[in-house]
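What follows is the residue order along each chain.
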Amino acid sequence: MSAGTLPVSNEAAMISSHSSYRFLFLAVILAGTEPTPVRAEVTQHNVVPALLLRCAVCHGARKQEGKLDLRSRVSMLRGGESGPAFVPGKPEESLMLKRIQAEECPPRPRLIEATVKPMETDEVAKLIRWIALGAPEIPDEPDVAGTPADPLVGKGDREFWSFRPPQPAMIPRAVHSDRVRNPIDAFVLQKLEEKNLSLSPEAKRLTLLRRAAFDLTGLPPESAEAEAFLTDQCPDAYDKLIDRLLASPRYGERWGRHWLDVAGYADCEGRREQHLPRPFAWRYRDYVIRAFNADKPYDRFLQEQLAGDELADYEQAPEITQEIEDNLVATAFLRMSPDPTWANLTGFVPDRIEVMADAMDVLGSGVMGLTFKCARCHDHKFDPIPQRDYYRLLAIFKGAYDEHDWLKPEINAYGGAASAGAGERYLPYVNTAERQRWQKHNAAIQQEVDALKALSQTTETEKQIKALEARRQAEPRIMALWDRGESSETYLYRRGNYLTAGLPVHPGPPSILTDGQTPFEIKPPWPGAKSTGRRLAFARWLTQPDHPLTARVVVNRIWNHHFGQGLVRSPGNFGKMGDEPTHPELLDWLALEFVREGWSMKSMHRLMMTSSTYRQASAVTSEHEQLDPGNRLLSRMPLRRMEAEELRDSLRWIAGQLDQRSFGPAEPIQARADGLVLSGKRRSIYVQQLRKQVPSLLESFDLPAMNPNCLKRSESLVAPQALHLLNDTAVREMAAQFADRVQQAVGDAPTRQVQRIYWSALSRLPSAEEQKVSLEILTRLTEQWGKNVDISGKPSEKEARRKALTTLCHTIMNSAGFLYID
């Protein structure tokens, strides 16, 4: 008999000798009427995916029980303590098949613990056939993706506008040149003038003050800021206002929140039905805020989040600097997706793949502006993204995100389940100064404990020791994602099914975003590094100055937050089914300017906010309704409602109840038995972010659910919102606190009280009509409240005035003038 063949009748006889019913069933399948040679149609790529799926947890990269590694033909033949795993051409003598037949691999009592399932019948059949054929191997096919030989993506596919690098554009000459403050206005006026339109008149000075303050800080303007702006009569007073707001520490909190939406930030693991704690997620939130305040260049910002662990050798560093810590903290960007794999029952390979898919969705839609998830199961229906390229992208992250070499979320030490190993998702590399403070604190505690233990033990000393032990601080750690070196091979899953693996793919970016000529080069990040260097190569590719999408996507997002809609209205889809840009030349000009200015976010804010386009009034005319009904031509500024966090923070701000402490662990929420979820006094960005329990006020006003992230917030207009502001006890209490602040500031004079209320809540003084009506309301309310009696049974004029003032404050807090930003 020639080598590499085995009569089916002998193979079936070998199978029938086993007692397993699955092998009996397999014998029926494989049996034939006549002995027929098995052709060499099964290769390592038909077998290795099943071995990775069923066996690698015990015989893979991190764990090799019996010193056996089952990830490749070479390692299987090398074998372990019991010898080679199989004998080529002799499946009946192969130890691995005997162990599988005996249901010892994987061991049935440990399936849930190991989060694996037994091999399927067809998987065993392929393994038997492969061994019977002599375990043939075929060489990997050359990686032609992104080269001229690529059969799936060609030059013509790259002609779509968003797949080409941003193009330089000539700045148009506008008819209404007196309205041109910078090139943005020239591009906008060009489109308007084609419709015989122009920009709207400039908004009032106080309107601009309030608009700019909320846009950049998410809070009303401070009194000192308002006074500085209103008394400054210089031509550049507004420009200086923008600079001061950009320099405010509140800026990072406002714009950091926008990025946390993109990242899908949450302080909990699991999906909506689970909210187990992520005890160190807050470090990522703080990193983002500091990055925005420091105007960290966007290219560096992305590199740190995608490959911060590969930017410096943190394991061998003599000192962990703040920069090294930030590099690691930033990688939590890729850990923010909902992750239920902390539990064994929800930690199997398909559960892990969903986590990885969510991470790729966040990256694809949030950073790259493409819907890669559509190519997970098949070639993209609309964009030239073959299924192959989805898995090539996934392979880039395999050194850190490997479904066959998984790190569970660590919740054991923080009140969660006991299923995860110590510190699996957390690194100890906080900056050296913080670690030394922690060591010093706990050493001092230990000294006091030792001193007490040296004394004779009494009930009192035991209490003292217990109190001291409670003051110990947990070890400071970092939630991070890092490259663990060698990863399992990445296979394309046909129809997205992990049970139907195709051929392996090489790591690489989507071919459509390459020039079709330059190879994707991967190098170790430093000599001797165990890291694959794949993510760092990808991050640098993504932040090339001429990348087709990176700068376009982020300047479009900045534009969206300032003008209510992006130049591309689909911020997460720049593909063929997304919206085309209304001003394509402007979008490209902004992208190139962004890169030229060193990828500076603050430069983009300054450019956009000092334009005449931004400084327009929001009034809608009949001409607007006829010629620019959707404001796509930017003929006016949109009127927008406060986002959920702006509303909550502003209510606390005017009530004097906003704690503006920055950074640190999240402030816990309080879930009441009646269903209300309350938050504390800190800014909303520092309030615990749970998927299941959202503070009621924030939820009422459309705080998005992070499943996995949010690219553009929705804005509903429903009755419960008004009812919440009108009837909620906490809002009523803040109205009373607001009234007390007003009374303390200006005394009992009603005219000054009304003016103070308007100035504090609306950043302006009341009109004559508003002043008149408000004074009348105060008088009538005071009379009405005066008819009530206090606890002593006597009329209380002071209390009546306080309640009347509280009611007026509550009314203003419910007004459109407060809720909407002009």
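Overview of the structure. Bear in mind that the values here come from a model prediction, so they are computed numbers and not experimental data.

Focus: the overall build of the protein chain
Part 1 of the reasoning: The helix and strand tally for the protein chain stands at 32 helices and ten strands.
Part 2 of the reasoning: Overall size of the protein chain, expressed as C-alpha extent along the three principal axes, is 110 × 85 × 50 Å.
Part 3 of the reasoning: For the protein chain, with 822 residues in total, the buried portion stands at 55%.
Part 4 of the reasoning: The contacts of the protein chain with a sequence gap of at least 6 include a subset with a gap of at least 24, amounting to 70%.
Part 5 of the reasoning: Entry remark: accessible area of the protein chain is about 35,900 Å², with carbon and sulfur atoms responsible for 53%.

Comments concerning the nonpolar core
Part 1 of the reasoning: In this structure, W259, Y284, Y298, F538 and L590 are the most contacted members of the largest nonpolar core, which totals 136 residues.
Part 2 of the reasoning: Counting residues per element, this core draws most heavily on helix α16 (residues 349-368), at eleven residues.
Part 3 of the reasoning: Counting 38 residues, the second largest nonpolar core, distinct from the first, contains I757, A761, L778 and L819.

What about the environment of Y498?
Part 1 of the reasoning: Tracing the chain through its elements places Y498 in the loop between β5 (491-493) and β6 (501-504).
Part 2 of the reasoning: In sequence terms Y498 and N442 are 56 residues apart; their C-alpha atoms lie 48 Å from each other.
Part 3 of the reasoning: Beyond its immediate stretch of four places on either side in the chain, Y498 contacts L53, V349, P350, I353 and Y493.

Quick word on the pattern of salt bridges
Part 1 of the reasoning: Overall, the coordinates contain 64 salt bridges when judged by the stated rule.
Part 2 of the reasoning: E593 is the partner of R596 in a salt bridge, and the nearest nitrogen-oxygen pair spans 2.7 Å. Here R596 and its partner E593 are both found in helix α22 (residues 584-596), three residues apart, which amounts to about one turn of the helix.
Part 3 of the reasoning: Taking relative accessible area as the criterion, E593 reaches 15% and is therefore assigned buried.
Part 4 of the reasoning: E799 is the salt-bridge partner of R802, the closest N and O atoms lying 3.8 Å from each other. Placement of both R802 and E799 in helix α31 (residues 797-813) is noted, with a separation of three residues, approximately one turn of the helix.
Part 5 of the reasoning: Classification of R802 by relative accessible area gives partly exposed; the value is 32%.

Digging into the environment of M734
Part 1 of the reasoning: Along the chain, M734 falls in helix α28 (residues 729-746).
Part 2 of the reasoning: The sequence separation of M734 and N709 amounts to 25 residues, and the corresponding C-alpha distance is 32 Å.
Part 3 of the reasoning: Leaving out residues up to four positions away in the same chain, M734 has contacts with L651, R652, A655 and M813.

With respect to the side chain of R435
Part 1 of the reasoning: Position of R435 relative to the elements: it lies in helix α18 (residues 432-453).
Part 2 of the reasoning: The exposure class of R435 is buried, given its relative accessible area of 17%.
Part 3 of the reasoning: Here P428 takes part through its backbone oxygen, which lies 2.7 Å from a polar atom of the side chain of R435.

A few points about the packing of helix α30 (residues 768-786) against α31
Part 1 of the reasoning: Contact geometry for α30 and α31: axes closest at 8 Å, N-to-C directions at 135°. Comparing their axes, α31 and α30 come out oblique. Regarding α30 and α31, the two cross each other, and that crossing is right-handed. The segment α30 lies against α31, with S774, L778, L781, T782, W785 and G786 engaging A800, R801, K803, A804, L805, T807 and L808.
Part 2 of the reasoning: Along the lines of polarity and charge, the residues of the contact of α30 with α31 split into seven nonpolar, four polar and two charged.

Quick notes on helix α8 (residues 183-194)
Part 1 of the reasoning: Relative to the 16 Å expected for twelve residues at 1.5 Å per residue, α8 spans 17 Å between its end C-alpha atoms, a close match to the ideal helical length.
Part 2 of the reasoning: The element α8 is largely enclosed, with a buried count of nine among its twelve residues.
Part 3 of the reasoning: Listed as buried for α8 are P183, I184, D185, A186, F187, V188, L189, L192 and E193.
Part 4 of the reasoning: Downstream of α8 by a residue or two, N196 has a phi angle that is positive, lying close to 60°.

Overview of the packing of α16 against helix α20 (residues 534-542)
When two helices pack together, their arrangement is given by the angle between their axes and by how far apart the axes lie.
Part 1 of the reasoning: Relative orientation of the contacting elements α16 and α20 amounts to 20°, with a least axis distance of 13 Å. In terms of orientation, α16 and α20 fall into the roughly parallel class. In the packing of α16 onto α20, the handedness of the crossing is right-handed. Touching L363, V367 and M368 of α16 are F538, W541 and L542, all from α20.
Part 2 of the reasoning: The class makeup of the residues in the contact of α16 with α20 is six nonpolar, no polar and no charged.

Each value, and the rule that gives it
Residues numbered from 1 in each chain as written. Predicted model: local features only at pLDDT ≥ 70, side-chain atom pairs only at ≥ 80, totals over all residues. Heavy atoms only, no water. Helix = DSSP H or I, 4+ residues; strand = E, 2+ residues; numbered from the N terminus. Buried < 20%, exposed > 50% of the residue type's maximum accessible area, 1.4 Å probe, protein only. Contact = heavy atoms within 4.5 Å. Areas by Shrake-Rupley, 256 points an atom, 1.4 Å probe, with all protein chains shown as cover. Core = buried A, V, L, I, M, F, W, Y, C linked by side-chain atoms within 4.5 Å. Salt bridge = Lys/Arg side-chain N within 4 Å of Asp/Glu carboxyl O. Polar contact = N/O pair within 3.5 Å; in protein donor to acceptor, adjacent residues only side chain to side chain. Axes fitted to C-alpha atoms, helices over the stretch in contact; angles between N-to-C directions. Parallel < 35°, antiparallel > 145°, perpendicular 65-115°, else oblique. Left-handed = near helix turned anticlockwise from the far one by under 90°. Nonpolar A, V, L, I, M, F, W, Y, C, P; charged D, E, K, R; others polar. Expected span 1.5 Å × (residues − 1).

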